[in-house]
Amino acid sequence: MHPLVFQDDARESIARMKEAGCDLFVFGLQTANPGISKKINRSPEEAQALEKIIRLAHGAGIMTAVDFILGFPGETRNTINENIDFALSASPYLVNFHPLRLEPGSQLARDYEDRCSSFSQEELLGLCRTANRRFYFNVKNLLKIACFLLKNNPLALLRMRKLSALLRHYAK
C-alpha cells in the first residue's frame, strides 16, 4: 500500500478496514530520505505521513509492515542508517530491507544504465542483512511482535521454531 493512500479521514478509513477484517497493512515506503524520494519521483512527505498511519493502525489493532529499498541514486551509508533509524522510530511490527535491482526497460535502468548506486550488489545485500538485523534484534521490537502474537494469535507462538530459524538466518 502506498503511504499516502489515506487522506484526511485516515482514522475512520482504518477503523472501517479493521471492521472488514483487515489485520495487516504492508507499505512500500522505499526510502525515508526526502532527497532520495524526490530523485525517484516519490513524495518527500511519505515517511512523515506513514508514521501517523502506523500509530493509527496500531491503535486499531492492525499489524504494520514497511518495505525499504537500498541502493537508489544518491544512497550513502548515512541515508541507509536514516532508513534504519526511521524504521526503529516509526516502529512498525515488521520491516524488509531489499537491494535495488534495475529491471530492464524501467525508468531507473534507462537513466542509470547498469548501476545507479556506489554500492555493489554484494555490498547492498550485506547492508540489507545488517539493516534487518538491527531492526529484528532490537529487544523492543521482539517484545512488540511477541505481545501482538500472544494477544491476536497465541497458537503462532507454538510455531517458534520457524521464528528461531529466521533469527538464525539474520544472525549469519
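What counts as what
- Residues numbered from 1 in each chain as written.
- Predicted model: local features only at pLDDT ≥ 70, side-chain atom pairs only at ≥ 80, totals over all residues.
- Heavy atoms only, no water.
- Salt bridge = Lys/Arg side-chain N within 4 Å of Asp/Glu carboxyl O.
- Helix = DSSP H or I, 4+ residues; strand = E, 2+ residues; numbered from the N terminus.
- Buried < 20%, exposed > 50% of the residue type's maximum accessible area, 1.4 Å probe, protein only.
- Expected span 1.5 Å × (residues − 1).
- Contact = heavy atoms within 4.5 Å.
- Polar contact = N/O pair within 3.5 Å; in protein donor to acceptor, adjacent residues only side chain to side chain.
- Core = buried A, V, L, I, M, F, W, Y, C linked by side-chain atoms within 4.5 Å.
- Phe/Tyr/Trp six-rings, centres within 6.5 Å; stacked < 30°, edge-to-face > 60°.

### Some thoughts on the pattern of salt bridges
As enumerated under the stated definition, the model contains 3 salt bridges in all. For the salt bridge of Arg16 with Glu12, the shortest nitrogen-to-oxygen distance reads 2.7 Å. A residue pair is termed a helical-turn pair when its members lie 3 or 4 positions apart in one helix, as Arg16 and Glu12 do in helix 1 (residues 10-19) at 4 residues. A relative accessible area of 43% means that Arg16 is categorised as partly exposed. In this structure, Arg42 and Glu46 form a salt bridge, with 2.8 Å as the shortest nitrogen-oxygen distance. By relative accessible area, Glu46 is classed as buried at 2%.

### Details of helix 3 (residues 46-59)
In a regular helix each residue adds 1.5 Å, so 14 residues correspond to 20 Å; helix 3 covers 20 Å between its end C-alpha atoms and thus fits that length. What helix 3 keeps buried is the set Glu46, Ala47, Leu50, Ile53, Ile54, Leu56 and Ala57. Among the structural elements, helix 1, strand 1 (24-30), strand 2 (63-70) and helix 4 (77-90) are those in contact with the buried residues of helix 3.

### Structural notes on the side chain of Asn83
Considering the arrangement of structural elements, one finds Asn83 in helix 4. For Asn83, the side chain forms a polar contact with the main-chain nitrogen of Ala32, separated by 2.6 Å. Sequence-distant contacts of Asn83, that is, excluding residues within four places in its chain, are made with Thr31, Ala32, Asn33, Phe68, Leu70, Glu75 and Phe97.

### Structural notes on the nonpolar core
Counting 34 residues, the largest nonpolar core has Phe25, Leu29, Phe68, Phe86 and Phe97 as the members making the most contacts within it. Of all elements in the fold, only helix 1, strand 1, helix 3, strand 2, helix 4, strand 3 (94-99) and helix 6 (121-136) reach the threshold of two or more residues within this core. Ignoring any residue separated from it by four or fewer positions in sequence, one finds Phe97 in contact with Phe68, Leu70, Asn83, Ile84, Ala87, Cys128, Ala131 and Asn132. Within the second largest apolar cluster, 5 residues are counted, among which are Ile36, Ile40, Phe72 and Leu100.

### Overview of the packing of aromatic side chains
Here the structure, examined in full by the defined rule, presents 6 aromatic pairs. Between Phe68 and Phe86, the aromatic rings sit 6.4 Å apart at their centres with planes inclined by 70°, giving edge-to-face as the arrangement. A residue pair is termed long-range when its members are at least 10 positions apart, and Phe68 in strand 2 and Phe86 in helix 4 qualify at 18 residues. Judged by relative accessible area, Phe86 falls into the buried class, the value being 10%. Consider the rings of Tyr93 and Phe148, whose centres lie 4.7 Å apart with planes at 55°: the pair is tilted. Of this pair, Tyr93 sits in the loop between helix 4 and strand 3 while Phe148 sits in helix 7 (residues 139-152), and the two are 55 residues apart along the sequence. With relative accessibility at 10%, the residue Tyr93 sits in the buried group. The exposure class assigned to Phe148 is buried, which follows from its relative accessible area of 12%. An aromatic cluster of at least three residues, connected via ring pairs, comprises Phe6, Phe25 and Phe27.

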